[in-house]
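# Tertiary structure, described
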Amino acid sequence: MRISELAREAGLLRPARLASGYRHYDSQAVGTVRHIQLLLSAGLNTAAIAEILPCIPDDVTVLAPTCPELLDALAVERTRITTSMDRLAAARDVLDRLIQAGPAAGDRS
């Protein structure tokens, strides 16, 4: 799925409709798509992104002062991501040990 399709389905972008039926995206849409991509890469779902987007008014402001209630939810997401990263690192360590051990001496052909 393309970011534009995802944004459209999730309602994250709200373009104007022209008389011809075409959608018209304003200049802020590019920044919004960048924010969506960043938040998706951080592991957030589209529902969380829809709540966060209004709190990111521009490319400079990290979180608008009118949205402090999101800080707790973002902290929970950060903990979830950290836990996931720790699990992935542990799985990678197991794979590294298996790869380094190689085949047993009696199993070599």
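See the structure printed just above.
One structure accompanies this document, and this report is about it. (Residues numbered from 1 in each chain as written. Predicted model: local features only at pLDDT ≥ 70, side-chain atom pairs only at ≥ 80, totals over all residues. Heavy atoms only, no water.)

## Quick notes on the overall build of the protein
Here is the rule we go by: A helix here means a DSSP run of H or I that spans at least four residues, while a strand means a run of E at least two residues long, and both kinds are numbered starting from the N terminus. It only takes one pair of heavy atoms within 4.5 Å for two residues to be counted as in contact. Calculation of accessible area relied on Shrake-Rupley with a 1.4 Å probe; when residues are assessed, cover is drawn exclusively from the protein chains displayed.
The helix and strand inventory of the protein stands at 4 helices and 2 strands. When the helices and strands of the protein are read in sequence order from the N terminus, they spell out α-β-β-α-α-α. Look at the contacts in the protein between residues 6 or more apart in sequence, and 32% of them connect residues 24 or more apart. Entry remark: accessible area of the protein is about 8,300 Å², with carbon and sulfur atoms responsible for 57%.

## Quick word on helix α4 (residues 70-101)
Heads up, the condition is: The span expected for a helix works out to 1.5 Å for each residue beyond the first.
The terminal C-alpha atoms of α4, which comprises 32 residues, lie 46 Å apart, in line with the 46 Å expected from a rise of 1.5 Å per residue. One or two residues past the end of α4 sits Gly 102, with phi positive at roughly 60°.

## Description of helix α2 (residues 28-41)
With 14 residues, α2 should reach 20 Å at 1.5 Å per residue; the first-to-last C-alpha distance of 20 Å fits that figure. At the C-terminal side of α2, Gly 43 shows a positive phi close to 95°.

## Focus on the side chain of His 35
Selection rule: Here the term buried applies to any residue with accessible area under 20% of the maximum for its type, exposed to any over 50%, and partly exposed to those in between, with areas from a 1.4 Å probe on protein chains only.
Structurally, the position occupied by His 35 is in helix α2. Residue His 35 is classed as buried on the basis of its relative accessible area, which comes to 14%. Excluding its chain neighbours within four sequence positions, the residues that come into contact with His 35 are Leu 53, Ile 56, Asp 58 and Asp 59.

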